[in-house]
Amino acid sequence: MHKKILCLFVIVAACIAAAHTAYADTPSLLKDLDVTNGYMLQFMQDIYRYTVELDEGETTANIMAIPADDKCSVMITGNENKVSLGAPKTVLVSVNDTQGNFVTYTLDVYAYGEKGGLSFLDCENGIMYPQYRDTIRNYYITLPYDCNTAELNIRTRDSDDKVAVEGNENIEPGKRKRVLLTVENGEGKKTQYVVYVYRQRQIQSNINLDFLLSSIEINNGAVKIDFERTRGYYKIEVPRGIDEVDVKALAENGRNIVNVIGSNVISDENNNIVIVTVNSPDDSETEQSVYVLDFVRDSFTATPQYTGMQMLAVIIASVFFTGLLAFLLIYLYKTRNKDAENSFVLADPETEVVEEREMVLKG
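Procedures and definitions
- Residues numbered from 1 in each chain as written.
- Predicted model: local features only at pLDDT ≥ 70, side-chain atom pairs only at ≥ 80, totals over all residues.
- Heavy atoms only, no water.
- pLDDT = per-residue confidence, 0-100.
- Contact = heavy atoms within 4.5 Å.
- 1 Å grid on protein atoms, 1.4 Å probe; cavity = no way out; pocket = protein on both sides within 12 Å on 5 of 7 lines; lining within 4 Å.
- Points joined across faces, edges and corners; volume = space filled by probe spheres on them.
- Helix = DSSP H or I, 4+ residues; strand = E, 2+ residues; numbered from the N terminus.
- Nonpolar A, V, L, I, M, F, W, Y, C, P; charged D, E, K, R; others polar.
- Core = buried A, V, L, I, M, F, W, Y, C linked by side-chain atoms within 4.5 Å.
- Buried < 20%, exposed > 50% of the residue type's maximum accessible area, 1.4 Å probe, protein only.
- Salt bridge = Lys/Arg side-chain N within 4 Å of Asp/Glu carboxyl O.
- Pairing = 2+ DSSP bridges.
- Axes fitted to C-alpha atoms, helices over the stretch in contact; angles between N-to-C directions.
- Patch = residues over 30% accessible without salt bridge, like charges linked within 9 Å, V, L, I, M, F, W, Y side chains within 5 Å.
- Areas by Shrake-Rupley, 256 points an atom, 1.4 Å probe, with all protein chains shown as cover.
- Disulfide = S-S within 2.5 Å.
- Phe/Tyr/Trp six-rings, centres within 6.5 Å; stacked < 30°, edge-to-face > 60°.
- Lys NZ or Arg CZ within 6 Å of the ring centre and 35° of its normal.
- Lys, Arg positive; Asp, Glu negative; His and termini not counted.
- Polar contact = N/O pair within 3.5 Å; in protein donor to acceptor, adjacent residues only side chain to side chain.

### As for the confidence of the model for the chain
Within the chain, residue pLDDT values average 81, and 80% of them lie at 70 or more. This stretch, residues 1–25, has a pLDDT under 50; its non-local contacts, to residues over four places away or in other chains, come to six contacts.

### Details of empty space enclosed by the protein
Counting across every chain of the model gives one cavity of 30 Å³ or more. Empty space within the largest cavity amounts to approximately 60 Å³. Tallying contributions element by element places strand β3 (residues 49–54) first for the lining of the largest cavity, with three residues. A class-by-class count of the residues in the lining of the largest cavity yields four nonpolar, three polar and two charged.

### Focus on the nonpolar core
Ranked by internal contacts, the top residues of the largest apolar core, which has 27 residues, are Leu 33, Met 40, Tyr 50, Ile 63, Tyr 105, Leu 107 and Val 109. Discounting chain neighbours no more than four positions away, the residues touching Leu 107 are Leu 33, Met 40, Tyr 50, Val 52, Ile 63, Lys 89, Thr 90, Val 91 and Val 93. Core analysis: the second largest hydrophobic core is formed by 23 residues, Tyr 234, Ile 236, Ile 266 and Val 278 among them.

### What to know about the pattern of salt bridges
Taken as a whole and assessed by the stated rule, the structure comprises eight salt bridges. The residue Arg 157 makes a salt bridge to Asp 134 at a minimum N-O spacing of 3.8 Å. One end of the pair, Arg 157, is in the loop between β11 (152–156) and β12 (162–166); the other, Asp 134, is in the loop between β9 (127–129) and β10 (138–143), with 23 residues separating them in the sequence. With a relative accessible area of 25%, Asp 134 lands in the partly exposed category. Note that Lys 177 and Glu 169 form a salt bridge whose closest N and O atoms lie 3.7 Å from each other. Given the relative accessible area of 26%, Lys 177 is considered partly exposed. Among the residues examined, Glu 169 registers a relative accessible area of 38% and is labelled partly exposed. Connected via shared salt-bridge partners are Lys 115, Asp 134 and Arg 157.

### A short note on the sheet that holds β9
What the five strands build is an open sheet, ordered β9-β10-β14-β13-β12; its pairing is mixed. The sheet is open, and its two borders are formed by β9 and β12, each paired with just one other strand. The sheet shows a mean angle of 25° between the axes of neighbouring strands, direction not considered. Here β9 runs beside β10; their pairing, made up of three bridges, is antiparallel.

### A few points about the sheet that holds strand β16 (residues 233–238)
Ordered by their spatial adjacency, four strands build an open sheet running β16-β20-β19-β18, and the pairing between neighbours is mixed. At either margin of the open sheet sits one strand with a lone partner, and together these are β16 and β18 (257–261). Between one strand axis and the next, the sheet turns through 20° on average, direction left out of account. Across six bridges, β16 lies against strand β20 (residues 288–297) in parallel orientation. Following the sheet pairing, Tyr 234 is matched in β20 by Leu 293.

### Re the layout of surface pockets
Unfilled space is identified by rolling a water-sized probe across the atoms. Taken as a whole, the second largest pocket holds about 260 Å³ of empty space. Together, 18 residues line the second largest pocket, and Asp 108, Tyr 110, Arg 137, Thr 191 and Gln 192 are the ones closest to its centre. Those elements that place two or more of their residues in the lining of the second largest pocket are β3, β7 (102–110), β13 (176–184) and β14 (190–199). Residues of the lining of the second largest pocket, tallied by class, amount to six nonpolar, four polar and eight charged.

### Quick word on a nonpolar patch on the surface
Among the surface-exposed residues, Phe 320, Phe 321, Leu 324, Phe 327, Leu 328, Tyr 331 and Leu 332 lie close enough to one another that they form a single nonpolar patch of about 780 Å² accessible area. Within the secondary structure, Phe 320 sits in helix α2 (residues 308–346). Judged by its relative accessible area of 52%, Phe 320 falls in the exposed class.

### A short note on the state of the cysteines
Tallying each qualifying case throughout the model produces zero disulfides. No disulfide involves Cys 123; its sulfur sits 8.1 Å from that of Cys 147, the nearest cysteine. You can call Cys 123 buried: its relative accessible area is 5%.

### Looking at the packing of aromatic side chains
Applying the stated rule across the entire model yields eight aromatic pairs. Put simply, the rings of Phe 43, Tyr 48, Tyr 50 and Tyr 105 touch in pairs and so form one group of aromatic residues. We note Arg 155 situated over the ring of Phe 120; from NZ or CZ to the ring centre the distance is 4.3 Å.

### A look at the pairing of β13
Both β12 and β13 contribute to a ladder of five bridges, which runs antiparallel. Bridge assignment links Glu 166 to a residue of β13, and that residue is Leu 180. Pairing between β13 and β14: nine bridges, direction antiparallel. Bridge assignment links Arg 178 to a residue of β14, and that residue is Tyr 196.

### Some points on the side chain of Glu 114
If you trace the backbone, Glu 114 turns up in the loop between β7 and β8 (118–123). Put simply, Glu 114 is tucked away with no salt bridge, and the nearest opposite charge, on Arg 137, sits 4.5 Å away. In terms of polar contacts, Glu 114 uses its side chain to reach the backbone amide nitrogen of Gly 86, at 2.7 Å. Apart from residues no more than four positions distant in its own chain, Glu 114 is found in contact with Ser 84, Leu 85, Gly 86, Asp 134, Thr 135 and Arg 137.

Listed below in structure tokens is the structure:
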């Protein structure tokens, strides 16, 4: 009896491990996945669950699932059920190929205007896409290399609602992690948000003399860069007033391909890394050059931001020192006039004549 239980346990464990391996090692079976009559986060092959917000008046999702090649087949189940407010539906998109590989993507489909429990969501130390909207429940966040946790700014509709955050810790460089936000109101109703957090790798420049750039221009020259063909890393200060950068790079060899990778939005708080790669037309990544552009806000042109109390203190100090300066100027002016009058009296000719006559009479 114990042997049978042990054998059953081993079989179950083997099945779970096989399923995990199948997902972990499955090649890219789906080229693209999208909804044509609603909003869905941009498809990524290693993300298996998405939420969909239908357009106004729509009750079923028009799903576009493009297989990677003609050896793959796609099956969609659950999409025949109509969606209404308060009654979301789950749709499964299953893909398999002739080699026995398979993968399933899950779409949680919501009606137009279906709101969750949050009133605001943002990331303080990274870039979140898209910006918060009360009907969107999936987001991407990109963290810089030196951050392993997303600092989330979370606000609920009701101050008494509770938020539980799972998975937002120890995010490894070059890895994406699924972070689950569960909002529970006073009646016990729960809504969930899924945030996929990616931490950038420690990027190092790499220059291959066969794949050089001839020039880099940023915002048509408005942002300065001291470019050298064989120099891979650049720390570039962006003046205040420029919130986005447009990087144009030309390859020295016109046959080579140039790719500019990274966000073009400049933050006042964080560095923004843009990568420029140069490789051959066969798109090989084994031989290429990597130029790293590290954009930071120009501290010399930054305008200080003050709180209300700090601004009041600045005004009071300005008035005090202005008054003190005026007092000193008036004091110096009066002192100078008095010295001038004394000098004039001492130099009076009539006084000198009287003194001379007195001296003659005494003599």
